[in-house]
Amino acid sequence: QQVMYNLQGCYVSCGWAAFAYVNSWNSVYQGNYYYMTGVQVHELGHNFNLAHSGGLNGATYTDHTGMMGNPLYSDETGKMCYNAAKNWQLGGSWYPNNGKKLLDPRGGSASFAP
């Protein structure tokens, strides 16, 4: 279970929309950022033990391939989820058999391994 706290506004020079504790149950949002899906999914990622994603330059928030890099703030901008690396890290908690699939090399159907 997750708990979201919302601060009515910024009280001391805020340069952040929200923050969450890694591998924990709570996140804190300031102002109107609480209703932005991209911000919520990013902070829940921290609760799920995911760190920020950086691009090739190693800087935080420069990997634009998923929600832990530079999340979309608006539902109107586009759709985004966690990238492949973060989905792999989530592993068995989200996918059966840690996301491993049995593939039929003859072109048959693919299924999750038991």
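Residues numbered from 1 in each chain as written. Predicted model: local features only at pLDDT ≥ 70, side-chain atom pairs only at ≥ 80, totals over all residues. Heavy atoms only, no water.

**Q** I'd like a rundown of a nonpolar patch on the surface, residues and numbers included.
**A** Residues Val3, Tyr5 and Trp25 make up a contiguous nonpolar surface patch of roughly 280 Å² in combined accessible area. Note that Tyr5 resides in strand β1 (residues 3-7). Judged by relative accessible area, Tyr5 falls into the partly exposed class, the value being 40%. (Patch = residues over 30% accessible without salt bridge, like charges linked within 9 Å, V, L, I, M, F, W, Y side chains within 5 Å. Areas by Shrake-Rupley, 256 points an atom, 1.4 Å probe, with all protein chains shown as cover. Salt bridge = Lys/Arg side-chain N within 4 Å of Asp/Glu carboxyl O. Helix = DSSP H or I, 4+ residues; strand = E, 2+ residues; numbered from the N terminus. Buried < 20%, exposed > 50% of the residue type's maximum accessible area, 1.4 Å probe, protein only.)

**Q** Mind laying out unusual backbone geometry, listing which residues take part and the relevant values?
**A** In this structure, Asn23 takes a positive phi of about 55 degrees despite not being glycine. Mapping Asn23 onto the fold places it in the loop between β2 (18-20) and β3 (26-30). When its relative accessible area of 57% is taken as the criterion, Asn23 is described as exposed. Of note in this structure, Asn49 is not a glycine but carries a positive phi near 80 degrees. Relative to the helices and strands, Asn49 resides in the loop between α1 (37-47) and α2 (84-90).

**Q** How would you sum up the sheet that holds β3? Please name residues and give values.
**A** With respect to topology, 3 strands assemble into an open sheet ordered β1-β3-β2, the strand pairing being mixed. Every other strand in the sheet has two partners, leaving β1 and β2 as the edge strands with one partner each. For this sheet the average axis-to-axis angle between neighbouring strands, irrespective of direction, equals 15 degrees. As paired elements, β2 and β3 share 3 bridges and run antiparallel to each other. Along β3, the bridge assignment pairs Ala20 with Ser27. (Pairing = 2+ DSSP bridges. Axes fitted to C-alpha atoms, helices over the stretch in contact; angles between N-to-C directions.)

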